[in-house]
Amino acid sequence: NTELALKTWMCGGRVVMVPCSRVGHVYRVKTVRRGKGQWPPKMDPNLLGNLKVDRPGKWHVHNGRADMVTRVVTRNNLRIMNIWLPDSAAVSGYYQKSFGTRALPPEWKQYVDELEYDAAAQEQIKIREKNQCRDFEWFDLHVYKRLLGKHHPWHPSNPQTVVCGAHHAGSCRECPQGHGRDWCNGECSWCPELGHAGLCVNSTDIEACPSHKTKGAKEALAKKAEEAKNKDHHGLQVPFQDMAGKAARWLGGGGGGGGGASGEPWQWVPVTKEDNPSDLTLTVVLPCGFEHEYFARTARSVYLSTPPSILKEIVIVDDASDPPLEPLFERAFERGDVDNGGKETVLGLADLKKLQEKVKFVRNEEAMGLIGAKQVGAEAATGDIVVFFDCHVKPDPHYWIPFTRNIGENYRRVVVPTITNLNTDTWEEFGRPAKSGGGLSKCYLTFDAEFKWTTDDTPYVPIMSGGLLAMSRKWFFEVGGYDRSMHGWGGENLDQSLRIWRCGGEIVSAGDSFVAHMWRDSKHKAKYHIGGGDAVKNRARAVKAHVGPWFEKTLTFPSFQQYRSDKEASLDVSSIENAMKDVTCKSFEWYLSRFANIYRDAGVIPTKVFQLEAVVEEDGGGGQQLCLQLEGHSAWNNAASPSDATKLAPCKNVNPPTEGTQYWHKSSRNTDGECCSGLRVWNTDQCLNANGVTTGVCSLTDEHPAYLTKSGKLRVGGLCLSVESSSHVNEKTKLQAVDCEKAIKWRKRGAFEPLEFSLMSEATKVEWRRNAPKKDPAAAVAA
């Protein structure tokens, strides 16, 4: 399988997975049982004889006992390496990992030497040459790294690790991890004469251990250990008291990032004129409130990912953390260790000093919240570009290139990186999208002042999520920075995004800029205090300042009911308006038309809203009119539970309604990029799934087609929505998707023009109606 995949990619083909093609498979078991096969499988005696395997388990491979299958697989791997990777440095890396030496051991060398006379091997070499297959370095860069987000396992830039028992570590000295000799095995061995109670050393140094009867070894090994200590300062940690009153934790907690066990200096991505045409510098602002566990790791990761020639400074805004962050950071330098909790080795002393020089602390004695901390950080910045990161991220080494390129072309352009996931235990990224444009980078605004994640084929971002972005310092202050009247966090992304677009700027997503981010959950709860109602008020102020007459729509949502009677007095937005007075800004209707691919083509602003009534026989429905509605959601909200179910309920006769989830509209782009392919519950984020029985957050794409056919069937996917039994239909009757010929009919009723569309100018209404579809996706198809 490995050989086939390699030569397919390297010789011009592709390997793809087809999720909708499924094949059942019987897996091997360790013993023969009822004819289900055995593992290991029986193998050709002649092959086993050639491999000198007559009694499996009596010899060792990979520093551990192995059976005949392991040895055969290793032999096959050697063939692949020397046929398809003949001149690659990966071969010696594989030898090092497999055999503990970069040169092939004599007992295995015969299986490489035989390739010269092996007809099958020579045939593969001819195929490689005939098809002008690319080399392994091309495969690593253009296939392996693009799909997995990292280089192949033997790449020299990878963190250096050793296998010690059932786990990995940066060096043998790290293997015990407080557990003594029981954790020192695999590629490492225990020497009881070193240290206070013994030391874990590599397989070469163990030969010099006194207990291994080597004369004069103690002094030699101690000297080596001291030299290693001077090169990489592992294990020096700075304790701080956990604020929840638990046991002391550590600032760091593992290997660092960058550098190398050999003491070689850390190498940054080269800065070229193409990547930074305007010679811009960066200030990275980290707003840190009670981020004791992550702030040093994040600062260190930023330093290792940003070339010193363009990194002006890292501004850490300590938002009233207790204890303060700066003394902990200084103490870490005094003890020679600021690590990032990852697998790489710790920086040398020279680079530690350079990192310390790049970090600038600003402390708020009174907590200002995330918004205020960002503003303070921006005011302390001196770089041409201000990069806002959360205090728990790890950027990719190339993250900065789209920032300097895009902003160098247009100083009013704001760049949003692609957000991936960060494992805070290992400090490693995971979940990077397989192709550019995946991940999370863009959102759109709903009228209850929420923002929903979305994707499309354009680089433009209607609304930023807020935490991670880069913009020129000049444009940041021209457009007014963050609103100081907002408290805590929430809503600042809406205000900033709308200011940028309305006032002459633009926001783009960078599909090739990756920043791993720790998402808040039950394990990673925020430790700072958020004032009650701050987020809702921030969001209300943001939309009131920007959306004009559409604020009337916002006030129809339950979240903002408190502002309906006294909206002017309690929501003063003069600070936002004053900040924008020196720039020329367009209307919110212009913004809606600018993103017509979302608001018009994806049906976020519908031209009509309607109910869907089940058409049943008079005796079957008992004379009761029943409509389709959500089972769980009852209030208008675009950020409630991410899924729901549908049910039948008595049709309401309120038009237009003031509450409820019984009203639907066309939604989501079809395959041509126009409206519409699905059905959405009005004033929620829920769209009908392909089974018709459940709903989920709308993707704005044609992922779940749902529509009324010309004959009145409610088509969902390849089936139609119906009831379990058409006799005695009532509220308790269950819905199900069936063959369309057997399905009941549905009809629209109570249609009306919603407020959000009625507020449009007549010219815009005409334009949007002109682009509306003339018929449903398959209206011409009889069900």
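Located above this text is the structure these notes cover.
Bear in mind that the values here come from a model prediction, so they are computed numbers and not experimental data.

Draft legend 1. Highlighting helix 6 (residues 119-130). Given a rise of 1.5 Å per residue, 12 residues ought to cover 16 Å, and the 16 Å separating the end C-alpha atoms of helix 6 matches this to within 8%. Listed as buried for helix 6 are Ala 121, Gln 124, Ile 125 and Arg 128. Take helix 6 and look down its axis: the buried residues cluster within an arc of 100°, on one side only. Exposed side chains of helix 6 directed beyond 90 degrees from the buried face belong to Ala 119, Lys 126 and Lys 130.

Draft legend 2. Up close: the nonpolar core. Ranked by size, the top nonpolar core spans 70 residues in total, and within it Phe 588, Tyr 591 and Tyr 599 carry the most contacts. Sequence-distant contacts of Tyr 599, defined by excluding residues within four places in its chain, comprise Tyr 444, Leu 445, Tyr 591, Leu 592, Val 604, Ile 605 and Trp 768. In terms of nonpolar packing, the next biggest core, distinct from the first, is built from 39 residues, Phe 295, Leu 328, Leu 355 and Trp 400 among them.

Draft legend 3. Main features of the packing of aromatic side chains. Throughout the structure, instances matching the rule amount to 25 aromatic pairs. Ring centres of Tyr 411 and Trp 475 lie 6.3 Å apart, and the angle between their planes is 90°; this geometry places the pair in the edge-to-face category. In this pair, Tyr 411 sits in the loop between helix 13 (401-409) and strand 14 (413-423) while Trp 475 sits in helix 14 (residues 473-478), placing the two residues 64 residues apart along the sequence. An angle of 65° between the planes, with centres 5.7 Å apart, marks the rings of Trp 550 and Phe 588 as edge-to-face. Separated by 38 residues along the polypeptide, Trp 550 in the loop between helix 16 (534-546) and helix 17 (551-554) and Phe 588 in helix 20 (residues 588-594) bring together distant segments of the chain. Taken as a pair, Trp 550 and Phe 588 share a single burial class, namely buried. Put simply, the rings of Tyr 460, Trp 501, Trp 550, Phe 588, Tyr 591, Phe 595 and Tyr 599 touch in pairs and so form one group of aromatic residues.

Draft legend 4. Region of interest: the state of the cysteines. All chains considered together, the criterion is met by seven disulfides. Across a sulfur-sulfur distance of 2.0 Å, Cys 503 and Cys 585 are joined as a disulfide pair. The S-S bond linking Cys 503 to Cys 585 shows a torsion near 95°; that makes this disulfide right-handed. Residue Cys 503 is found in the loop between helix 15 (492-502) and strand 19 (506-517), and its partner Cys 585 is found in the loop between helix 19 (574-579) and helix 20; the two are separated by 82 residues along the sequence. Under the relative-accessibility criterion, Cys 585 is labelled partly exposed at 25%. The side chain of Cys 627 participates in a disulfide bridge whose partner is Cys 651; the two sulfur atoms lie 2.0 Å from each other. Because the torsion about its S-S bond is 100°, the bridge between Cys 627 and Cys 651 counts as right-handed. With Cys 627 in strand 21 (residues 626-630) and Cys 651 in the loop between strand 22 (643-650) and strand 23 (664-669), this pair connects stretches of sequence that are 24 residues apart.

Draft legend 5. How the structure looks around the environment of Trp 475. For Trp 475, a relative accessible area of 0% gives the class buried. For Trp 475 and Arg 412, which are 63 residues apart along the polypeptide, the C-alpha to C-alpha distance reads 5.7 Å. Residues contacting Trp 475, with those up to four places away along its chain left out, are Tyr 411, Arg 412, Val 414, Ile 500, Cys 503, Gly 504 and Gly 505.

The rules behind these values
- Residues numbered from 1 in each chain as written.
- Predicted model: local features only at pLDDT ≥ 70, side-chain atom pairs only at ≥ 80, totals over all residues.
- Heavy atoms only, no water.
- Helix = DSSP H or I, 4+ residues; strand = E, 2+ residues; numbered from the N terminus.
- Expected span 1.5 Å × (residues − 1).
- Buried < 20%, exposed > 50% of the residue type's maximum accessible area, 1.4 Å probe, protein only.
- Arc of directions from axis to C-beta.
- Core = buried A, V, L, I, M, F, W, Y, C linked by side-chain atoms within 4.5 Å.
- Contact = heavy atoms within 4.5 Å.
- Phe/Tyr/Trp six-rings, centres within 6.5 Å; stacked < 30°, edge-to-face > 60°.
- Disulfide = S-S within 2.5 Å.

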